[in-house]
Protein chains: 4
Amino acid sequence: MAIHEECGVFGIFGNKRTNVAHLTYYGLYSLQHRGQESCGIVVNDDGVFDVRKGQGLVGEVFTDDVLSSMPQGNAAIGHVRYSTTGAGTIANCQPLIVNHIKGKLAVAHNGNLTNALPLRDELEMNGAIFHSTSDTETICYMIIRERLKTRSIEEAVSLGVSYLEGAYSLCIMSAAKMIAVRDPLGLRPLCYGKTADGGYVVASESCGIHAVGGGMIRDIEPGEMLVFSRKDGVWDITVSSMRIAGGVRQRKSCIFEYIYFARPDSVIDGVSVHEARKQAGKLLAIETPVEADVVMGVPDSGIDAAIGYSMESRIPFETGLVKNKYVGRSFIAPGQDLRTDTVRIKLSPIRNVICGKKIVLIDDSIVRGTTIRRIVDMLKDAGAEEIHLRISSPPFRHPCYYGVDIDSEEYLIASHHDESQIAEILGVDSLAFLSTDALGRMIGTRDFCQACFNGDYPTQIPLERGKDRFEKPISFRGDKG
Amino acid sequence: MAIHEECGVFGIFGNKRTNVAHLTYYGLYSLQHRGQESCGIVVNDDGVFDVRKGQGLVGEVFTDDVLSSMPQGNAAIGHVRYSTTGAGTIANCQPLIVNHIKGKLAVAHNGNLTNALPLRDELEMNGAIFHSTSDTETICYMIIRERLKTRSIEEAVSLGVSYLEGAYSLCIMSAAKMIAVRDPLGLRPLCYGKTADGGYVVASESCGIHAVGGGMIRDIEPGEMLVFSRKDGVWDITVSSMRIAGGVRQRKSCIFEYIYFARPDSVIDGVSVHEARKQAGKLLAIETPVEADVVMGVPDSGIDAAIGYSMESRIPFETGLVKNKYVGRSFIAPGQDLRTDTVRIKLSPIRNVICGKKIVLIDDSIVRGTTIRRIVDMLKDAGAEEIHLRISSPPFRHPCYYGVDIDSEEYLIASHHDESQIAEILGVDSLAFLSTDALGRMIGTRDFCQACFNGDYPTQIPLERGKDRFEKPISFRGDKG
Amino acid sequence: MAIHEECGVFGIFGNKRTNVAHLTYYGLYSLQHRGQESCGIVVNDDGVFDVRKGQGLVGEVFTDDVLSSMPQGNAAIGHVRYSTTGAGTIANCQPLIVNHIKGKLAVAHNGNLTNALPLRDELEMNGAIFHSTSDTETICYMIIRERLKTRSIEEAVSLGVSYLEGAYSLCIMSAAKMIAVRDPLGLRPLCYGKTADGGYVVASESCGIHAVGGGMIRDIEPGEMLVFSRKDGVWDITVSSMRIAGGVRQRKSCIFEYIYFARPDSVIDGVSVHEARKQAGKLLAIETPVEADVVMGVPDSGIDAAIGYSMESRIPFETGLVKNKYVGRSFIAPGQDLRTDTVRIKLSPIRNVICGKKIVLIDDSIVRGTTIRRIVDMLKDAGAEEIHLRISSPPFRHPCYYGVDIDSEEYLIASHHDESQIAEILGVDSLAFLSTDALGRMIGTRDFCQACFNGDYPTQIPLERGKDRFEKPISFRGDKG
Amino acid sequence: MAIHEECGVFGIFGNKRTNVAHLTYYGLYSLQHRGQESCGIVVNDDGVFDVRKGQGLVGEVFTDDVLSSMPQGNAAIGHVRYSTTGAGTIANCQPLIVNHIKGKLAVAHNGNLTNALPLRDELEMNGAIFHSTSDTETICYMIIRERLKTRSIEEAVSLGVSYLEGAYSLCIMSAAKMIAVRDPLGLRPLCYGKTADGGYVVASESCGIHAVGGGMIRDIEPGEMLVFSRKDGVWDITVSSMRIAGGVRQRKSCIFEYIYFARPDSVIDGVSVHEARKQAGKLLAIETPVEADVVMGVPDSGIDAAIGYSMESRIPFETGLVKNKYVGRSFIAPGQDLRTDTVRIKLSPIRNVICGKKIVLIDDSIVRGTTIRRIVDMLKDAGAEEIHLRISSPPFRHPCYYGVDIDSEEYLIASHHDESQIAEILGVDSLAFLSTDALGRMIGTRDFCQACFNGDYPTQIPLERGKDRFEKPISFRGDKG
């Protein structure tokens, strides 16, 4: 619950002038779980770009008025973003649009670079000025720098991204083309599909394609670039697949997409997210069985694994906790003294199901442990006889540099305590995490990044870190004249 | 989904000056499912009433600014309301506050009167003027009329409500007392409890009591009136139970509270809502069994019954449909041509779970049948082999006059078609409703109103009807001078 | 500047179905100076009333969206109101609409009753309940009480208002008629006129009639009631003038309308407001001449009198102070320490005009003296050699009970100091007020109320006072059961 | 009225950490007349920049909440801007903040470049990317490009701006310094002063200095650059004056600042704006005398000249038209058929002053002539016997390229008609404009730009023009890959 994905991208390339803003709106709605802080849509109406961006949920920023003020177009890209920002940092909202010598470019980015700072330094040394503190502006510069020397935007993109290290799933739109790129490690997901009337869709997850009534074609491969283009005056779309320049390709997709981020109805790199979660529950039941009366999941993220646990263990699945669906992102419990009760407003126990029962409680992960502790208290108050906590992922111990905002290491309960200590802190009768071994069986491959569990990073990691690394240093790097 | 409860009430009577506005806010948050159109809180700060009302959800109306602008107090009542209203009809928001010869009165009402029109006519004949079109103003007048002849507010309430027919669960606050009243048929729920520090709480459902950390004492009985009072200068609270004047008492509580309205963690008249729904699922499995691979519920209202069906039938429970939790009350699909796709944005199928499977699909009720039809199509598109639809209530055939806003009879699919016709329209392989016989077994009593299923109303019903019966007639009853 | 008119009323009675909401909007815009806190419009569309009310200026409440959502109609009334109110007291916004046995009534009221409290007590003794704390609700009850016994709404109004004491200019709308009433003393202004296409308009000031392109017919007389009606099915309008029941008629119109409240382009009871102000300036020049280089007025209220003073004295008129037109009603200087500088943001001296000059400075009145003192300082800082302050009205010494919100007596500088003391406090070289004798010459009649200057009230005055007299007593009059 | 200044700039450089945001807010309030579409403030808190920008008036964007969320600081700059923009072009709001290799830079710009397009093309050829379409971003690039080669920010500014042609009054803030620059022609005004506690203030007009309680020191000279700096750890401020690199210096300040834009209490390049306007009125009376009863000005822009005309001609000055001070920028008359009446809502005639009179009517300029024509009609309707229109500037015939948004030439009434034709169109008895000869006498110098009157531009003018010259070409310059 204190872990955040930082972005979702969406793009549509139609074979006629149509309501691409509406379709992108639907796509972003389906990707909303990947970022709730800001969002934006850029419509390409025959080379003229029209953009709307704002802070808030898709439904807040794109009201009826805003949507109906956007033109039809032949292509559009969109973005949802997670990031706590002040009023002034709307500059960081995406997609980013830049004007350059050969036209305009709109870029939507999911991921995080590990070499953004040295790249930025180099660009600034050559006179570049930066409006924002996001990696996306650096990516734009890298592409535009190559654009001057190349004949096509796709060549520029291919060369430009070859300097980038880290995670990047990009959806790029020029006046005439749309380009989708996935980094050589395939850290963040990206897939594409086709709409009923022959247009193409790119999305961070397959649910984005289905949201516009499209059918998925396939995931974009690590290190692959797809170029959607059209001959002048002709509506037929050409799709070309290219390898991006340089770099070693080795799939290292993020395991946490399966565990927590992605929507259960999405299929990423061939594996159903829902099935992966159910499988994690089954593996938990095999690895750490327990005798109990009932299995229940912490809503919503623990439900799928709980169903898996129940299936494997034959212990009945039950709904023991009800989530208040009106408690939104912005809910803040008023009154200092009542702060500890926020969990009670968000979740309520169903006493009849809990009282006198031995319970297997499933959650997807533990970060600080404060919320799960409050839930355990709640179950005990409701009369639970025993509580056996099972976590459908290994313990978090390391920060992520690829676009996931995990709590600082110092707050991670698993960085400082072993399993039995955590069990005691939380007050549960037993506690078990999924083993790292089981992760491979969970999704049927070992080609994934699990650095957050074992510290084994697939790239070099930056010296400075934190999402605001460009925000503060100004006082130290200040122009002293 | 096209059925709406019209209200929820909440009240708190403390034994010291405290943040009663915050507590009422929490209470209303937990009752939000009973009404999403408007809400209000009145704080009683030593006889001075401070009120805030507005259209929207509790979290929208009661922002941090608004809440922190409200004073502390010794008592407060609150209300959530379902009703589509224009800007001008904020006069209909509750609680209603009126000034009368002996002070002020704040009234929150859940339910609907069947004799509001003749009562109002009689009052107007005696010079009464009405600001709103809600039954609540009529109730106020009936009480105040008696107040002039009686020594205490509780006597006035007891006599005043004796003229009312229909459903009313009331929470009333005077300068010095709080009074809770439930109509003699007990049509709408109402219960009370105690907070950790000795105050008393009244709420439409037990979840409201738990939301403020309180413990439930019991349901208020049909025809009972509870008076919470305090001696001057003393903080100790006296609770007196009285029978309201006149009237036959015969429990006829609304069965639909169990089937759909109430929150699963609530316990109403001694029966757990969650258990009742699970029981409905089990009874469905017994009454209309079917061979299948998987049981799934339509989120959120069909999940509990689906778990019950799975338990009884031993067919595995699965999550086959994912609800987009960001699609709120106000979601409107933009673009005329895309309107049919609203369901697709709200619900997504998990293909792996559905494809090639024989499915038992559970929902709580069918109104027009349009949404469930769209869901059935969605499951078929995802590759379902067979779909057996089971509804955990009998077919709707009659309007409700007691505070539930069911679609007009002409749109109710079950008013015009039998089971096999409906199955054909929906395109399912089989369809079954819960029998009316099973309803008694579902909650362990037959003392409930099931007029919406069988047309057997426990009171006389009004000649004119519709929630706007006071809105339009003005042009016909206009003062022609 | 610390004196506030409490209301403005407007009504239109058309001879066809037309955009009466738009016309009322224009009318209210022109009356905005009479009240800036809230406003409202009620449209009568063939007996169906549609109302929009809100807190804020006319342009804030009646946005394009709101206006275009209102229906066309055959009549409408509107209201602007001055009153500092909390969110909850939107109940006090006008026009007030009430439902009674013979229909609906919408009432807009400008003025203040001096016997509201005893009337209200009597009504409450008979079971009346009050939603608001405004006099208007009491007026409604008085009318409706008579309506039950009479054959027409005009009879009811005539009898109902005969019980009222104090100031009331009313615009009343029933399903079929519009009625304008002015109290027997004619304390507040009220006039009527005709639109280009044959409809009738009622407004607090003649500027409201011109705002809709109409021509003024005449002022409504003290104690007169005008009834605008139409035969069923016929569009021709009948206008009948009647005397309201009982009461002595003696014109006592408010002199302060001429001095400060009314718009300079209005003509009230046959006297041009602009001319009256200019005349006040001339009389000041005659009564208290002074040698000076330049005459300037405090914008905007002192400009007209300054022109008059200049004309009479032959001392050149100049613009010495510029008003920042972007500093609105809601401007609050941020930062505690900067509070004294608010005047500096609102007004700026033109140094060239001031430096080294002997200045006659004209303002319309002095209340606390804080603003004028700040202005005097500003002129001195800009190099003024001498400052001779002339006030175009006598000193304020008494509260008003007829709808003007003058500061409490304890803050009125003239209640505690004589002219020479005030001059010393303000730091001016000389100070003179207009004599009370001159007031008669200013408007050519002595039939006006000047109680605020001499304490000679034309009616009995209430024992309790203050605009919130119904707000607080609740704690003392509280229902103790 | 259809002429718009495009910007106002403000900067403060304090000698301690204080509420610079509040002071800048006051400064922008006083410069609001120079731009009402968007505004922004950047606070420099020891090298950390905090920015707030938004569309709307200063009082709308900088609410209490926003202002109080800004930190204290040692320096700040602010900007008000006139420009009609869509939601997406918030990128064009100022001040602009950019990050470069040696720190951050915030830039506020008043004026318009005539060589922005070729400069931009050159920058883009070298890989520059542009986020906005404003000249300000080009200016930033020019400065930063030099910054890489120079030792100080002031050297970089001096060299960078030497490439610019056209009008630019800049307020620039680096981490440690504040720099004010005025172009070599001095087209737009810029001055500086000192606050009571020893800080320095830069503002477009002297009223901005007075708004923060400061005293004016002097105007910044054409081609001058002022650098405000401070030694590390010391609060004493050093102010250095430098000449910007290259360029011919020849004062060509904008005459229209005196005629219309600037606030009357401002003194620009040694001349009081109010006095200049009064002088224009006197010159009009000398050049084109007429016999009349009364002189009146069109509020607010014609009042000062009317006073001058009255002084010279001895014809009494009067207020004949009242402006409705509640009709703001955003007033839109609802209802198609009523559109012609907008002027009637904004301005009202005082009939007594007009009826039967021979009137000299003064306005500052005529653009299309539609508004003045409506005013003339209004005066005639009010009974004016004769109307002699005098315009206190010569006729507009040419576009401005230096930051003034004059209507397109095709709509300028004076481009197509001579004086007598215009008089006939407007329906006045006589019409006269101020002669171009008189302009020199008006401000006592001939060193001003009057290109809008005579087409004599002090710089080369661009081939393409219009403020949106960077908006549209994208479709033609589109990246075709």
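As shown above, the structure is provided for reference.
Bear in mind the structure is a predicted one, so any value in this text is a computation, not a measurement. In this numbering scheme, every chain counts its residues from 1 along its sequence in written order. As they are written, the chains are lettered A onward and the ligands numbered 1 onward, keeping that order. Owing to the predicted nature of the model, reporting of local features is limited to residues with pLDDT of at least 70; listing and counting of side-chain atom pairs is limited to 80 or more, with chain, interface and lining totals taken over all residues. Think of the side-chain values as coming from all heavy atoms in the structure, minus any hydrogens and water.

Enquirer: Pulling in residues and values, what's your account of the pairing of strand β6 (residues 96-100) of chain B?
Expert: All names here are of chain B. Note on exposure labels: buried denotes an accessible area under 20% of the residue type's maximum, exposed denotes more than 50%, and partly exposed covers the range between, all computed with a 1.4 Å probe on protein chains only. Here a strand is any run of E in DSSP of at least two residues, a helix any run of H or I of at least four, and the numbering for each starts at the N terminus. Most of β6 is tucked away: five of the five residues are buried. Covered by surrounding structure in β6 are Leu96, Val98 and His100 together with Ile97 and Asn99, the residues of both alternating faces. In this analysis, strands are considered paired if DSSP registers two or more bridges between them. Relative to strand β7 (residues 103-113), β6 is paired through five bridges, and the arrangement is antiparallel. Note that in β7 the partner of Ile97 across the bridge is Ala106. The antiparallel hairpin formed by β6 and β7 contains two residues in its connecting segment.

Enquirer: Account for the relation of the copies chain D and chain C, naming residues and giving values.
Expert: Both copies of the chain are tied together by a single rotation about an axis and a shift running along it. For the least-squares superposition of copies, only C-alpha atoms count, and only for residues with pLDDT at least 70 in both. Overlaying chain D on chain C yields an RMSD of 0.1 Å, the required transformation being a rotation through 180 degrees with an accompanying axial translation of 0.0 Å. The symmetry that links the two subunits is that of a two-fold axis. Comparing interface residues between copies, 100% of those in chain D also lie at the interface in chain C; the contact surface is shared. Only heavy atoms enter the contact rule, under which two residues are in contact if any of them lie within 4.5 Å.

Enquirer: Please set out the interface of chain D and chain C residue by residue, giving values where relevant.
Expert: By a frequent convention, interface size equals the accessible area lost on bringing the separate parts together. Contacts between chain D and chain C engage 51 residues on the former and 52 residues on the latter. For the pairing of chain D and chain C, the buried interface totals around 4200 Å² over both sides, and the portion due to carbon and sulfur atoms is 61%. Any carboxyl oxygen of Asp or Glu that lies within 4 Å of a side-chain nitrogen of Lys or Arg is treated as forming a salt bridge with it. The tally of links between chain D and chain C comes to four salt bridges. Counting of polar contacts relies on pairs of N or O atoms within 3.5 Å, with two restrictions inside protein: one atom must be capable of donating a hydrogen and the other of accepting it, and residues adjacent in sequence are counted only when both atoms are side-chain atoms. Applying the counting rule to chain D against chain C returns 16 residue pairs in polar contact (both at pLDDT 80 or more). Looking at the side of chain D that touches chain C, the elements with two or more residues in it are α1 (20-30), α7 (206-211), α9 (273-287), α10 (303-313), β19 (321-323), α11 (342-346), β20 (347-349) and α12 (351-354) of chain D. A per-element tally of the side of chain D that touches chain C places α1 of chain D first, with five residues. Summed over both partners, the accessible area lost on bringing two parts together, with a 1.4 Å probe, is the buried area.

Enquirer: Give a description of the pairing of strand β2 (residues 7-18) of chain A that names residues and reports values.
Expert: Remark: a regular strand shows side chains that alternate across the two faces of the sheet. Residue and element names in this part refer to chain A. With eight bridges connecting them, β2 and strand β5 (residues 73-81) associate as antiparallel partners. Bridge pairing in β5 places Phe13 opposite Ala75. Judged from the four bridges that link them, β2 and strand β11 (residues 200-203) form a sheet pairing that is antiparallel. Bridging from a neighbouring strand, Phe13 pairs with Tyr200 of β11.

Enquirer: Could you give me a rundown of the sheet that holds strand β13 (residues 224-230) of chain A, with the residues and numbers involved?
Expert: Residues and elements named next belong to chain A. With respect to topology, six strands assemble into an open sheet ordered β6-β7-β8-β9-β13-β14, the strand pairing being antiparallel. In this open sheet, the two strands that pair with only one neighbour each are β6 (96-100) and β14 (237-243). When the angles between neighbouring strand axes are averaged without regard to direction, this sheet yields 20 degrees. On the sheet, helix α5 (residues 135-147) packs against β6, β7 (103-110) and β8 (169-174) and is oriented at approximately 140 degrees with respect to β7. Axis geometry follows a simple rule: fit a line to the C-alpha atoms, using only the stretch in contact for helices, then measure angles between N-to-C directions, giving values from 0 to 180 degrees. Taken strand by strand, helix α6 (residues 153-161) contacts β7, β8, β9 (178-182), β13 and β14, and its axis lies near 20 degrees from that of β9.

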